[in-house]
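Read off the chains here:
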Amino acid sequence: MKSFLDRRSRQRIFERGIHAALLLCASLSIFTTIGIILALFFETFDFFKEVSIIEFLTDTQWTPLFVDKHFGILSLVAGTFIVSLIAMCVAIPLGILCAIYLSEYSSPRFREVVKPILEVLAGIPTVVYGYFALLFVTPLLKSFIPGLSGFNALSPGIVMGIMILPMVSSMSEDAMHAVPSSLREGAYALGATRFQVATKVVVPAALSGIMSSFVLAVSRAVGETMIVTIAAGQQPRFSLNPLVPIETITAYIVQVSLGDTPAGTIEHKTIFAAGMTLFIFTLALNLISNWLKERFREEYR
Amino acid sequence: MNRLAYNKLVDRFFKLAALAATIVGLVFLFTLVWDIAHDGAGRISWSFLTSFPSRRPERAGILSALVGTIWIMGLTAVFAFPIGVGAGVYLEEYTKKKNLITRLIEINIANLAGVPSIIYGLLGLGIFVRALSLERSLLTGALTLTLLILPIIIISTREALKAVPFSIREASYALGATRWQTTYRQVLPVALPGILTGTILALSRAIGETAPLITIGALTYIAFLPESVFDPFTVLPIQIFNWVSRPQKGFAVNAAAAIIVLLVLTLILNSIAIYLRHRFQRRIRW
């Protein structure tokens, strides 16, 4: 018994305890994933007992909160799609130009000042962007586009694009930065201008890294919630018209969560089915993005 | 025009376009800040900070939301910091070779970082609200946000630990220290500023989160202060959302004023993080 209590043994037991505790912390992430899948799966499974999966995937109306119930996720998917598309039309060209400027043209000092300021954009709470989209951007756009509704896909799409911009520019710039400077020097030695070096050497060389940032940006746009909840409206619509109120998957989940739909009803189960759809979309996009990033890393090891 | 002059012209034009694109983001940021300051600065007063919400916009305040935000932030920090650092330490210091389990955990963390926040809300609803019957309490909110920001803390902890030179660990082992003694007394103190920076940045993300807390059922109207972790709550972003969704002009002004308070809180957190990072870079040299 005495040997059990000697210092070394006690220390060894203590070390093992610490090891186990740390392992537990690390494995919590696995439990989180399992938790997400189970939480979504059970309710979604119940949902599909009452609604056929064919209707869910092909019906073009989504009216679970009305008397005449339709469960066609396509109208929410269409809303999510149009807002994300607008966001990408803003974020991708601006993001890539911004990345090229910071990586190939700007002085180091300019980059040091501008990059952190741009990153502030990514740190602003999304509810603030929602406010700005609804009360500043929409009225501004209305003065150009008379037919624009108070709630629409265009304004939150543009604002979301600016929000995602720093992510695209920052990740693309990192990818461009990783391109060996010998490639650039080779091109310069042949008399190429900066524009030619940027577009014909650096961007193609960093392409998979840049694409990875685009895909991740799409995933962020698809999962973004508050901007669209505030500024895009709550009218599920199977249409790609950016000027009228629509509803995204995320905004629908918020709408139901705010109401007093009792748990266990089919109306309430819809948010888990919608959540599952969203989870599958974003997971697929994240996996593609990671795959592209890994590929890029292997090219320049 | 000869070829060379043409190429130079294209180059110059492209440079201007790229500069313009860079400036768009900056202009947008300044417009946003100016618009919100313009709308809301006049509304901020002591009574705005110390009143409960009300049906009349001019009487309403953010007391319950502000107190709720402070509670949630405190609880989230208490849960997320030890767990995140523990997980980071395990993955960086306790796994010699990359075996299947650590690979799995790593891929998993990378994927979790990309899961939309509203999905964490559904997780919180399914696990904490229903399965553990914690209801729509502060505890549920804090645990949900903990799971949300854990990947960020784990990733930044690992980065901070990686920056500690290996010789420090070897010296400690050579003196007969155990793995935990080495980690706790040598590696962690050196990596701490980096870890704290990452944790604070994660918290500054959590402070603005709205969607997951709405999904777990946090209330939008509360006229009392929580007294224990099992009480219902609201937070600043939810209060802002609630005011933005109302048609009366007075509530939009309130929303702008509340946004200023929220942005100031976020700014304070970020400044602390920047300060720590700065200090970290200066002090330690090997």
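Cut-off values and rules
- Residues numbered from 1 in each chain as written.
- Chains lettered and ligands numbered in written order.
- Predicted model: local features only at pLDDT ≥ 70, side-chain atom pairs only at ≥ 80, totals over all residues.
- Heavy atoms only, no water.
- Helix = DSSP H or I, 4+ residues; strand = E, 2+ residues; numbered from the N terminus.
- Rg over C-alpha atoms; globule rule 2.2 N^0.38 Å.
- Buried < 20%, exposed > 50% of the residue type's maximum accessible area, 1.4 Å probe, protein only.
- Contact = heavy atoms within 4.5 Å.
- Areas by Shrake-Rupley, 256 points an atom, 1.4 Å probe, with all protein chains shown as cover.
- Lys, Arg positive; Asp, Glu negative; His and termini not counted.
- Charge placed at Lys NZ, Arg CZ, Asp CG, Glu CD.
- Salt bridge = Lys/Arg side-chain N within 4 Å of Asp/Glu carboxyl O.
- Phe/Tyr/Trp six-rings, centres within 6.5 Å; stacked < 30°, edge-to-face > 60°.
- Core = buried A, V, L, I, M, F, W, Y, C linked by side-chain atoms within 4.5 Å.
- Buried area = accessible area lost by both parts, 1.4 Å probe.
- pLDDT = per-residue confidence, 0-100.

## Some details on the overall build of chain A
Then, number 1: The helix and strand inventory of chain A stands at 13 helices and zero strands.
Then, number 2: For chain A, the α and β elements follow one another from N to C terminus as α-α-α-α-α-α-α-α-α-α-α-α-α.
Then, number 3: Taking 301 residues into account, the globule formula puts the C-alpha radius of gyration at 19 Å, and chain A, at 25 Å, lies well above it.
Then, number 4: Burial analysis of chain A (301 residues in total) assigns 53% to the buried set.
Then, number 5: In chain A, 70% of the contacts between residues at least 6 apart in sequence involve partners at least 24 apart.
Then, number 6: For chain A, the accessible area works out to roughly 13,600 Å², and carbon and sulfur atoms hold 67% of it.
Then, number 7: Charge-centre separation for chain A: the mean point of 22 positive side chains lies 12 Å from the mean point of 21 negative side chains.

## Details of the pattern of salt bridges
Residues and elements named next belong to chain A.
Then, number 1: Under the criterion given, the structure shown has 11 salt bridges over all chains.
Then, number 2: For the salt bridge of E267 with K69, the shortest nitrogen-to-oxygen distance reads 3.3 Å. Taken together, the positions of E267 in helix α13 (residues 266-299) and K69 in the loop between α3 (53-58) and α4 (74-105) put the pair 198 residues apart, joining distant regions of the chain.
Then, number 3: Of the residues examined, K69 reaches a relative accessible area of 28% and is grouped as partly exposed.
Then, number 4: Of the charged contacts, one joins K115 and D174 as a salt bridge, the two residues approaching to 3.9 Å between their closest N and O atoms. With a gap of 59 residues between them, K115 in helix α5 (residues 108-123) and D174 in helix α7 (residues 154-177) connect regions that are remote in the sequence.
Then, number 5: Among the residues examined, D174 registers a relative accessible area of 45% and is labelled partly exposed.
Then, number 6: Three or more residues joined by partner-sharing salt bridges are found here, namely K115, E173 and D174.

## Some words on the packing of aromatic side chains
All names here are of chain A.
Then, number 1: Under the counting rule described, the total for this entry stands at 19 aromatic pairs over all chains.
Then, number 2: Residues F41 and F42 carry aromatic rings whose centres are separated by 6.1 Å and whose planes lie at 65° to one another, so their mutual orientation is edge-to-face.
Then, number 3: Using a relative accessible area of 40% as the deciding quantity, one classes F41 as partly exposed.
Then, number 4: The exposed category is assigned to F42, whose relative accessible area is 52%.
Then, number 5: Centroid distance Y101 to Y105: 6.1 Å. Interplanar angle 10°. Geometry classified as stacked. Here Y101 pairs with Y105, and both are found in helix α4, just four residues apart, close to one helical turn.
Then, number 6: Judged by relative accessible area, Y105 falls into the buried class, the value being 9%.

## Describing the nonpolar core
Soluble globular proteins tend to pack their nonpolar side chains together in the buried interior.
Then, number 1: Of all hydrophobic cores here, the largest spans 157 residues; its most connected members are I36, Y129, M160, I164 and M176 of chain A.
Then, number 2: Per-element accounting of this core gives the leading share, 17 residues, to α4 of chain A.
Then, number 3: What Y129 of chain A contacts, discounting residues up to four positions off in sequence, is L121, A122, I124, V159, M163 and I227 of chain A together with F28 and L32 of chain B.
Then, number 4: Judged by nonpolar contacts, the second largest core, of 23 residues, contains I105, I109, I154 and L161 of chain B.

## A closer look at the interface of chain B and chain A
Then, number 1: Chain B puts 71 residues into the contact, and the matching count from chain A is 74 residues.
Then, number 2: Both sides together, the interface formed by chain B and chain A hides about 6,400 Å², and carbon and sulfur atoms give 79% of it.
Then, number 3: Scanning the region where chain B abuts chain A turns up one salt bridge.
Then, number 4: We note a salt bridge from R130 of chain B to E43 of chain A, for which the minimum N-O separation is 3.3 Å.

## Quick notes on the confidence of the model for chain B
Then, number 1: With 97% of its residues at a pLDDT of at least 70, chain B reaches an overall mean of 88.
Then, number 2: Here the predicted complex scores 0.90 on pTM and 0.90 on ipTM.

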